Amino acid sequence: MNFSNGRIHRALPGPSIIPEKVLQAMQRPAPNIYGGELEEITMSILSDIAKLADSKGRVALYISNGHGVWEAALANLFNENDKIITVSNGVFGKHWGNIASKLGIEVVHLEYGMDRAFEMNDLEKVLAEDIDKKIKGILVVQTDTASSMLLSINEINKLRQSLNHPALLLVDSIACFGCDDMRMDEWGVDLLLTASQKGLMTPPGLGYLVIGERAEIQAKKISKRSAYWDWGPRLDPTNFYEIYFGTAPTHLLFAQKAALEIINEEGKDNIIKRHEILANTVWKAVDIWSQEGVLKFNVVNKANRSHAVTTLVAKNFDLLPFKNWIEKNTGVELGIGLGFEGPEYYHGNSAFRIAHMGHLNPHMLLGVLASLEMGLIATNIPFKKGGLDNAMDYLANSINDET
């Protein structure tokens, strides 16, 4: 008997759940790609992305996933043999640095593995020793979607300012844009990267750079420009289609416009608060489950956890039967254990991720948590019961407090 008949809930950290309004927005013929309605939609999207970033910077839009806007950021801001720092609290900071190396950029890599918190002293040491100010950029990932580790962007900026270092601050906010707070201008971010498929609730394929004044100035000094990634024509096109370097991704734009309408209606402050409460709901369940047995938070310190995704681990314990049981019998799909390699993690099977981002409400999230507790029971994984009750108590009280 199959108990998973019905709508599948993919608790994956991207592509996230797409609202019905967004899906419906794509069900229409393609428009004229040379202006008119499409130009109005494009300008509206660019304005809303900058507003959500809390920035006066201009926005370049790419037909791309997050890896593409990594390269776009590097290609516009650094020459070959320039020196940068990358910080990795999981998987994606390292990958961004690998792309930089392929472009001939010298990379100083600060590596923290999957579960170690970023040490500000390490960055301070590297910047303080850079007497000749050869380091041109500091590249960080606000939330690493593999580890669920959250960095304090404001604290990194304060350190840079205290050392009077001119390096640009580049922030990958792809995993948590519209989930964890972002105050780009206030926090001294020179370039912000994000993409459509997570908190922006749109199918993959749109990548964004929000470009601050210092980044625009630096880009003009670059000697060798990539034809496709060059943001110059995208920011100041002679013809509208140059914003896309050709044909626009029409139906993704319809979708993104609809998603941003939903975001604007709810309001940024409300969205950030909702994600905080939903994340804490997950954590309240895990707080109880983890008191006995094998299941633990990957990020121990609550202050270092993202409000977009939570990674759970059970070192030296195979969780694959548990994950398979949940998918087969409850219709809930969990995020894979990305980046958790080696025998202690059963080559990824000892970890999984719960997304709590974007188009999500209490009954959807509580269904995920109930399915998890059922799976723990059904597959005889040792844990302390009561996590679901603890989550519901917290969520009910939080909703009452907010309303």
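Up top is the structure these notes are about.
Residues numbered from 1 in each chain as written. Predicted model: local features only at pLDDT ≥ 70, side-chain atom pairs only at ≥ 80, totals over all residues. Heavy atoms only, no water.

Draft legend 1. Molecular detail of the packing of helix α2 (residues 37-52) against helix α9 (residues 250-266). Two numbers describe how α2 lies on α9: the axes approach to 10 Å, and their chain directions differ by 45°. Relative to α9, the element α2 is oriented oblique. You can see that α2 and α9 cross each other, and the crossing is left-handed. Contact with α2, carried on its side by Leu38, Ile41, Thr42, Ser44, Ile45, Asp48, Ile49 and Leu52, involves Thr250, Leu253, Phe254, Gln256, Lys257, Leu260, Ile263 and Asn264 of α9 and no other residues of that element. For the contact of α2 with α9, a count of residues per class yields 9 nonpolar, 5 polar and 2 charged. (Axes fitted to C-alpha atoms, helices over the stretch in contact; angles between N-to-C directions. Helix = DSSP H or I, 4+ residues; strand = E, 2+ residues; numbered from the N terminus. Parallel < 35°, antiparallel > 145°, perpendicular 65-115°, else oblique. Left-handed = near helix turned anticlockwise from the far one by under 90°. Contact = heavy atoms within 4.5 Å. Nonpolar A, V, L, I, M, F, W, Y, C, P; charged D, E, K, R; others polar.)

Draft legend 2. Structural detail: the environment of isoleucine 85. Its location among the elements puts isoleucine 85 in strand β3 (residues 83-88). Taking the C-alpha atoms as reference points, isoleucine 85 and glycine 137, separated by 52 residues in sequence, lie 6.3 Å from one another. For isoleucine 85, the residues in contact, after removing those within four places along its chain, are Val108, Leu110, Leu123, Val126, Leu127, Ile135, Gly137, Ile138 and Leu139.

Draft legend 3. Structural view of the pattern of salt bridges. All told, the structure shown has 20 salt bridges when counted by the stated rule. Across the pair glutamate 20 and arginine 7 runs a salt bridge, and its minimum N-O distance is 3.7 Å. Of the two residues, glutamate 20 is situated in helix α1 (residues 20-25) and arginine 7 in the segment before β1 (9-11); the sequence distance between them amounts to 13 residues. Owing to a relative accessible area of 41%, glutamate 20 belongs among the partly exposed residues under this scheme. For arginine 7, a relative accessible area of 73% gives the class exposed. Salt-bridge contacts for glutamate 155 lead to lysine 158; the nearest nitrogen and oxygen are separated by 3.6 Å. Placement of the pair is glutamate 155 and lysine 158 together in helix α6 (residues 153-162), with a separation of 3 residues, close to one helical turn. Relative accessible area serves as the criterion here: at 44%, lysine 158 is assigned to the partly exposed category. Sharing partners across several salt bridges, the network here consists of Asp54, Asp181, Arg183, Glu186 and Lys268. (Salt bridge = Lys/Arg side-chain N within 4 Å of Asp/Glu carboxyl O. Buried < 20%, exposed > 50% of the residue type's maximum accessible area, 1.4 Å probe, protein only.)

Draft legend 4. How the structure looks around the sheet that holds strand β14 (residues 351-355). Pairing is antiparallel across the open sheet formed by 3 strands, whose spatial order is β11-β12-β14. This sheet does not close on itself; its edge strands, each paired only once, are β11 (296-297) and β14. The sheet contact formed by strand β12 (residues 309-313) and β14 spans 5 bridges and is antiparallel. Directly across from leucine 312, in β14, lies its bridge partner phenylalanine 352. (Pairing = 2+ DSSP bridges.)

Draft legend 5. Up close: the state of the cysteines. Under the criterion given, the structure shown has 0 disulfides. Cysteine 179 provides the cysteine sulfur closest to cysteine 176, a residue in no disulfide bond, and the two sulfurs are 6.9 Å apart. The class for cysteine 176 is buried, based on a relative accessible area of 0%. (Disulfide = S-S within 2.5 Å.)

Draft legend 6. Inspection of unusual backbone geometry at higher detail. Here glycine 14 and proline 15 are connected by a cis peptide whose omega angle stands at -5°. Take proline 15: it is sitting in the loop between β1 and α1. You will see that asparagine 380, though not glycine, has its phi angle at about 60°, which is positive. Structurally, asparagine 380 is set in the loop between α12 (362-378) and α13 (387-402). The class for asparagine 380 is exposed, based on a relative accessible area of 67%.

Draft legend 7. Focus on the environment of alanine 351. Checked against the element boundaries, alanine 351 lands in strand β14. Placed 38 residues apart in sequence, alanine 351 and valine 313 show a C-alpha to C-alpha distance of 4.3 Å. Non-local contacts of alanine 351, meaning those with residues more than four positions away in its chain, are made with Leu312, Val313, Leu319, Lys323, Ile336, Gly337 and Phe340.

Draft legend 8. View of α13. Counted at 1.5 Å a residue, the expected span for α13 with its 16 residues is 22 Å, and the 23 Å between its end C-alpha atoms agrees. Residues of α13 that are buried: Gly387, Leu388, Ala391, Leu395 and Ser398. Seen from one end, α13 has its buried residues packed into an arc of 100°, which puts them on one side. What points out from α13, more than 90 degrees from its buried face, is the exposed set Asn400 and Asp401. (Expected span 1.5 Å × (residues − 1). Arc of directions from axis to C-beta.)

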